[in-house]
Amino acid sequence: MNAAHIASLSHAKVAVEVVPETGSTNADLLARAPTLTEPVLLVAGHQSAGRGRAGRSWLSSPEGSLTFSLAWKFDGGPQQLTGLPLAIGVALGDALAQLGVQVQLKWPNDVLKDGDKLAGILIETQGAPGGGTWAVIGIGLNLIMPDELEARLGRSAAGAPWLARMERDVLLAALLDALADSLRLFAAQGFGAFCARWNLRHAWQGQVVTIIDNGQVLHEGLAAGVDDTGRLLLDTAEGRIAVLAGDVSLRVKE
Ligand SMILES: O=C(O)CCCC[C@@H]1SC[C@@H]2NC(=O)N[C@@H]21
């Protein structure tokens, strides 16, 4: 991968950096956030300590994945970023659709292909010196799954061999453009501008799901999409509720 080539293919006006290997692109950009003056895309050929949501680790293979983080500064505080992970899912979904790969979204921010996980999103934030907030938007995309990794991850990851055949610089430039456009829209209008598109791609709309937090089943009901703040709407036996946090699973049929 070539940073100058990626930047030349993109209109996003973002500094692009490519490293062969690092621990975590999210950790790297968070550490640099106090000194950043412009948006930066950091792409790693391999991560040895990739981070996932909820303190989990993120395993990936150099051949089969794209791992990158984008540091982007917002004017307000972190409370203004409610719904940002879901908006990033929409941006990825639309960009992948333009490249010929149709995906679905699983709340809060997984990208699925044919029911399996194609991409994960991890957003971490840090206050910017002088005001505002740096959001480090980390994305891990499974292009192909080598056998060993697939065995370790079980069927929790889905490859997209069609994407794997694309030149990576072209793929990254397309994703970067989509992300930059969406981040500007989000800064201006918030998640409300993405809500309808998220619901169109909702993987489990109308299906019975459970919400699990800290290993405990908190709710069960019919998934009814998200509201304009990104909460998952669930039609339960007691009526409609809006869920703020947790992991959602399809209810196992007895
Ligand atoms: O748990 C998830 O689904 C989120 C996974 C996010 C992984 C990406 S890979 C690039 C960036 N760097 C990290 O350490 N994590 C994110």
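Residue indices begin from 1 for each chain and proceed along its sequence in written order. With pLDDT at 70 or above as the cut-off, local features in this predicted model cover only qualifying residues; side-chain atom pairs require 80 or more to be listed or tallied, and sums for whole chains, interfaces and linings still use all residues. To obtain the side-chain values, all non-hydrogen atoms of the structure were included, while hydrogens and water were left out.

Per an unreviewed UniProt entry, the protein chain goes by the name biotin--[biotin carboxyl-carrier protein] ligase and belongs to Massilia yuzhufengensis. Regarding the protein chain, the UniProt comment filed under Catalytic activity (unreviewed entry) reads as follows: "biotin + L-lysyl-[protein] + ATP = N(6)-biotinyl-L-lysyl-[protein] + AMP + diphosphate + H(+)". UniProt positions are given in the numbering used here, feature names are shortened, and annotations may be inferred rather than shown by experiment.

S.K.: Quick rundown of the site of the ligand? Include the residues and the values.
M.R.: Close to the ligand lie 20 residues; S24, Q47, R51, R53 and K117 are nearest. Whenever two N or O atoms come within 3.5 Å, that pair is a polar contact, provided that in protein one can donate a hydrogen and the other can accept it, and provided that, for residues adjacent in sequence, both atoms are side-chain atoms. Q47 is positioned such that a nitrogen or oxygen atom in its side chain is 2.9 Å from a nitrogen atom of the ligand. Accessible surface is estimated by sampling points in the Shrake-Rupley manner with a 1.4 Å probe; for residues, cover comes only from the protein chains shown. Taking 410 Å² as the accessible area of the ligand by itself, protein coverage stands at 98%. Going along the chain from the N terminus, every DSSP run of H or I of four or more residues is numbered as a helix, and every run of E of two or more is numbered as a strand. Per element, the largest residue contribution to the shell around the ligand is four residues, and it comes from strand 6 (residues 116–127). Each residue receives one of three labels: charged for Asp, Glu, Lys and Arg, nonpolar for Ala, Val, Leu, Ile, Met, Phe, Trp, Tyr, Cys and Pro, and polar for the others, Gly being one of them. Looking at the shell around the ligand residue by residue, the classes come out as five nonpolar, eleven polar and four charged. We call a residue near a given molecule or strand whenever any one of its heavy atoms falls within 4 Å of it.

S.K.: Could you give me a rundown of the sheet that holds strand 5 (residues 110–113), with the residues and numbers involved?
M.R.: When DSSP finds two or more bridges between a pair of strands, those strands are recorded as paired. The strand order across the open sheet built from seven strands is 1-2-3-7-6-5-4, with neighbouring strands paired in mixed fashion. The sheet terminates laterally at strand 1 (15–22) and strand 4 (104–106), the two strands that pair on one side only. In this sheet, neighbouring strand axes are inclined to one another by 20° on average, regardless of whether the strands run parallel or antiparallel. Residue contacts follow a heavy-atom distance rule, with two residues in contact if any of their heavy atoms lie within 4.5 Å. Under this scheme, a helix contributes an axis fitted over its contacting stretch, all axes are lines through C-alpha atoms, and angles between N-to-C directions fall in the 0 to 180 degree range. The strands touched by helix 3 (residues 84–98) are strand 3 (65–74), strand 4, strand 5, strand 6 and strand 7 (133–142); relative to strand 6, the strand with the most contacts, the crossing angle is about 135°. Contacts from helix 6 (residues 168–189) reach strand 1, strand 2 (40–47), strand 3 and strand 7 within the one sheet, and its direction differs from that of strand 3 by about 30°.

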